[in-house]
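Architecture and fold: a report
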Amino acid sequence: MPQPDFVPMTRADEVRAAERMPVPDRWIADRPGEVVHTGPPHGRRFGSPGPDQGFGLKLARHISPRLQLAEHEHLDDAVAGCAAVGLKRAALWGRAPVIGDMELAYTVWGFLAAAPRELVEFRRTLFQGAHHEYWSQRAIADRVPETTLRLMPADAATRLSDWRQLVDVT
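Presented here is an overview of the structure given in this document. Here the structure is a predicted model, which is why all the values come from computation and not from measurement. (Residues numbered from 1 in each chain as written. Predicted model: local features only at pLDDT ≥ 70, side-chain atom pairs only at ≥ 80, totals over all residues. Heavy atoms only, no water.)

A look at the side chain of Glu 73
Here Glu 73 shows up in the loop between helix H1 (53-63) and helix H2 (75-93). For Glu 73, a relative accessible area of 13% gives the class buried. Among the polar contacts made by the side chain of Glu 73, one reaches the main-chain amide nitrogen of Ala 70 at a distance of 2.7 Å. At 2.7 Å, the side chain of Glu 73 forms a polar contact with the side chain of Arg 123. (Helix = DSSP H or I, 4+ residues; strand = E, 2+ residues; numbered from the N terminus. Buried < 20%, exposed > 50% of the residue type's maximum accessible area, 1.4 Å probe, protein only. Polar contact = N/O pair within 3.5 Å; in protein donor to acceptor, adjacent residues only side chain to side chain.)

Now the structure itself:
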């Protein structure tokens, strides 16, 4: 706002010109750590970043009373491993986790229904100690391919008899 004419001013009170900054040059992402054109890195053990993943853990715990565990399986291991799968599914769609993500994860690994004996034997060693070990959780999530993650939980349940097509057994 300008100074009124009737107010006395000294030379020091006058408005001074601001320092003019030069117009910046065009910016190029050429630093060694820049991720350009491909998006964030992806692949085995890179994780699945997505929004509100803490809520996914709550959803995984919400379903836990329905789980059918075999002998020598622990609830915390099943929750941790399947939560990683559910979060991977939610991140695939670019959204926060919903209950269907966790239901699919538990269904694929045979925790919500009577699972084939071979699947139970396969998952027993895979899930052992998963609630203590992040890399075990990543390994569990990485065994579920994108084609399986795109299924509805009911569709996965109908395919459970041929479970080797739902998960990577190699």
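Describing the nonpolar core
The biggest cluster of nonpolar side chains holds 33 residues, and the ones touching the most others in it are Val 85, Tyr 106, Val 108, Trp 109 and Phe 111. Those elements giving two or more residues to this core turn out to be H1, H2, helix H3 (99-108), helix H4 (117-127) and helix H5 (134-142). It is H2 that provides the largest number of residues to this core, a total of seven residues. Ignoring sequence-local partners within four residues, the contact set of Phe 111 consists of Arg 66, Leu 67, Gln 68, Leu 69, Glu 73, Ala 78, Cys 82, Tyr 106, Arg 123 and Phe 127. (Core = buried A, V, L, I, M, F, W, Y, C linked by side-chain atoms within 4.5 Å. Contact = heavy atoms within 4.5 Å.)

Comments concerning the environment of Asp 77
Mapped onto the elements of the fold, Asp 77 is located in helix H2. Between the alpha carbons of Asp 77 and Gly 129 there is a distance of 5.9 Å; along the sequence they are 52 residues apart. Ignoring anything within four residues of it in the chain, the contact list for Asp 77 reads Phe 127, Gln 128, Gly 129, Ala 130 and His 131.

Here we look at the environment of Leu 59
Relative to the helices and strands, Leu 59 is located in helix H1. Its relative accessible area of 11% is what places Leu 59 among the buried residues. The residues contacting Leu 59, other than those within four sequence positions of it, are Pro 97, Val 98, Ile 99 and Met 102.

Brief notes about the packing of H1 against H3
Contact geometry of H1 with H3 gives a least axis separation of 9 Å together with a crossing angle of 55 degrees. One way to sum up the angle between H1 and H3 is to call them oblique. When the axes of H1 and H3 are compared, the crossing they make is right-handed. Contact residues: Gly 56, Leu 59, Ala 60, His 62 and Ile 63 in H1; Ile 99, Met 102, Glu 103 and Tyr 106 in H3. (Axes fitted to C-alpha atoms, helices over the stretch in contact; angles between N-to-C directions. Parallel < 35°, antiparallel > 145°, perpendicular 65-115°, else oblique. Left-handed = near helix turned anticlockwise from the far one by under 90°.)

Comments concerning the packing of aromatic side chains
Scanning the model with the defined rule gives six aromatic pairs in all. Geometrically, the ring pair formed by Trp 109 and Phe 122 is stacked, given 6.3 Å between the ring centres and 15 degrees between the ring planes. Taken as a pair, Trp 109 in the loop between H3 and H4 and Phe 122 in helix H4 lie far apart in primary sequence, 13 residues in all. Taken as a pair, Trp 109 and Phe 122 share a single burial class, namely buried. Aromatic pair Phe 111 and Phe 127: ring centres 5.3 Å apart, planes at 75 degrees, arrangement edge-to-face. Residue Phe 111 is found in the loop between H3 and H4, and its partner Phe 127 is found in helix H4; the two are separated by 16 residues along the sequence. The class for Phe 111 is buried, based on a relative accessible area of 1%. Ring pairing ties together the aromatic residues Tyr 106, Trp 109, Phe 111, Phe 122, Phe 127 and Trp 163, which thus form one cluster. (Phe/Tyr/Trp six-rings, centres within 6.5 Å; stacked < 30°, edge-to-face > 60°.)

In short, geometric facts, not functional conclusions.
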